[in-house]
Amino acid sequence: MSTTFTLDTSTSRANPTPAPVKRLTVPAIRGRKTQGQPVAEPIVMLTAYTARMAQILDPHCDMLLVGDSLGQVIYGLPSTIPVSMEMMCAHGAAVVRGSWHSVVAIDMPFGSYEASPEQAFRSASRLLKETGAAAVKLEGGEAMAETVAFLSARGIPVVGHVGLTPQAVNVLGGYAARGRSEAEAEKIVRDARAIADAGAFTLVIEGVVEPIAALITQEIACPTIGIGASAQCDGQVLVIDDMLGMFERTARFVKRYDDLAPRIAAAAEAYAGEVRARAFPTAAETYAPK
Ligand code: KIV
């Protein structure tokens, strides 16, 4: 057994020693599915943006996604459009440092891959070199198939993303579920087929009416990972801060597994009260002279 990187336990509280495990691989994730069969073990994916969160989530996940949702979640941006390569590289490297079991995939930010397969290769290779992640994710359907094939043939595993594609918010006009009309549903199915046939090793399906996600899951060769899609997908993903209850408003498809925001606010309130009352720090939290 080997760890994938050396952890320094002496210099930083951020680096606890993990149990020695081998990191999952892209072929292992792809191999979970035999076309036409439900996967025996659904793929568990969560987003992560920091090393500490990666450490906490990693033992429970098969894949960690450094999503460009970090634009909104971490940076308070209005959408994912302004997210930069520098942001993705910095957070991607942190998540790889904080994980030792999951396959780490990184979103390609808007503007870093759409112009040509060559542009996509330059951006994707930079993301993998600077972070140590195993794969990139890019949004789009038929128009991106050539790029997915180009990257896959050159050593860059690709996660596809179809349906509600947040980087296209200005074209879509919002974040509503997709596929309500027959034409739109057919387009999403064509997009999914094109990306799978081009060689994506897994495909995120976001915000589509349920039967479309179920149909795509039956039809395509690679595993599907749903978010606001279908329980029949081969795996599921959620944005970590959404499922932890960090935001007041979340999409209908989010299940809140905790309600952290009020608990953090209560801790901050307790701390503020003790500081103002000079009740913190006490002798227990201060250094006495020798
Ligand atoms: O950016 C992100 O977090 C994502 C997930 C919602 C799939 O793309």
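For the structure itself, consult the block above.
It should be emphasised that the depicted structure is a prediction, and the values quoted were computed from it without experimental measurement.

(A) Examining the side chain of Thr80 more closely. Mapped onto the elements of the fold, Thr80 is located in the loop between helix H3 (70-73) and helix H4 (85-97). In this structure Thr80 comes out as buried when scored by relative accessible area, which is 3%. Beyond its immediate chain neighbours, meaning those up to four positions away, Thr80 contacts Asp68, Ser69, Gln72, Pro166 and Gln167.

(B) Quick peek at the nonpolar core. Core analysis: the biggest nonpolar cluster contains 59 residues, and Val136, Leu151, Leu203, Ile205 and Ile216 have the highest contact counts within it. Setting aside residues up to four positions removed in sequence, Ile205 forms contacts with Val162, Ala213, Ile216, Thr217, Thr224, Ile225, Gly226, Ile227, Ala229 and Cys233. One finds Leu65, Phe201, Val204 and Ile225 within the second-largest nonpolar core, a separate group that totals 15 residues.

(C) A look at a nonpolar patch on the surface. On the surface, Tyr271, Val275 and Phe280 cluster together to form a nonpolar patch covering roughly 280 Å² of accessible area. Turning to its location among the elements, Phe280 is positioned in the segment after helix H11 (260-276). By relative accessible area, which is 34% here, Phe280 ends up partly exposed.

(D) Main features of the layout of surface pockets. Considered as a void within the structure, the largest pocket measures approximately 1,100 Å³ in volume. Listed by contribution, the elements that provide at least two residues to the lining of the largest pocket are H3, strand S6 (202-206), strand S7 (224-227) and strand S8 (235-238). Among the elements that make up the lining of the largest pocket, the one with the highest residue count is S8 (three residues). By residue class, the composition of the lining of the largest pocket is 20 nonpolar, 12 polar and 11 charged. Of the voids in this model, the second largest pocket is the one considered here, and its volume is about 460 Å³. What lines the second largest pocket is a set of 22 residues, and nearest its centre among them are Gly140, Gly141, Thr165, Ala168 and Leu172. Elements supplying a minimum of two residues to the lining of the second largest pocket: strand S5 (158-163), helix H7 (169-172) and helix H8 (182-197). With four residues, the single largest contributor to the lining of the second largest pocket is H8.

(E) Structural detail: the environment of Ala133. Along the polypeptide, Ala133 turns up in the loop between helix H5 (117-131) and strand S4 (135-137). The sequence separation of Ala133 and Leu203 amounts to 70 residues, and the corresponding C-alpha distance is 17 Å. Setting aside its immediate chain neighbours within four residues, Ala133 contacts Val96, Val104, Ile106 and Leu128.

The rules behind the values
Sequence order sets the numbering: in each chain, residues are counted from 1 along the sequence as written. Confidence filtering applies because this is a predicted model: local features only for residues at pLDDT of at least 70, side-chain atom pairs given and counted only at 80 or more, and all residues used for totals across whole chains, interfaces and linings. Note that the side-chain values use all heavy atoms of the structure and ignore hydrogens as well as water. Helix and strand definitions here come from DSSP, where helices need a minimum of 4 consecutive H or I residues and strands a minimum of 2 consecutive E residues; each element is numbered from the N-terminal end. Summary of the burial criterion: residues with accessible area below 20% of their type's maximum are buried, those above 50% are exposed, and those between are partly exposed, where the area comes from a 1.4 Å probe applied to protein chains only. Note on definitions: a residue-residue contact is assigned when non-hydrogen atoms from the two residues lie within 4.5 Å. Here, nonpolar core refers to any group of buried Ala, Val, Leu, Ile, Met, Phe, Trp, Tyr and Cys residues whose side-chain atoms link them within 4.5 Å. Patch rule: a residue counts if its relative accessible area is over 30% and it has no salt bridge; like charges are joined within 9 Å, and nonpolar side chains (Val, Leu, Ile, Met, Phe, Trp, Tyr) within 5 Å. All accessible areas in this document rest on Shrake-Rupley with a 1.4 Å probe, and a residue is counted as covered only by the protein chains that are shown. Salt bridge, as applied in this entry: a Lys or Arg side-chain nitrogen positioned within 4 Å of an Asp or Glu carboxyl oxygen. In the cavity and pocket records, a cavity denotes points on a 1 Å grid over the protein atoms alone where a 1.4 Å probe fits but cannot get out, a pocket denotes an open set with protein on both sides within 12 Å along at least 5 of 7 lines, and lining residues are residues with an atom within 4 Å of a point. Grid points are joined across faces, edges and corners, and a volume is the space filled by probe spheres set on the points. Throughout this entry, Asp, Glu, Lys and Arg are counted as charged residues, while Ala, Val, Leu, Ile, Met, Phe, Trp, Tyr, Cys and Pro are counted as nonpolar. The remaining residues, Gly among them, count as polar.

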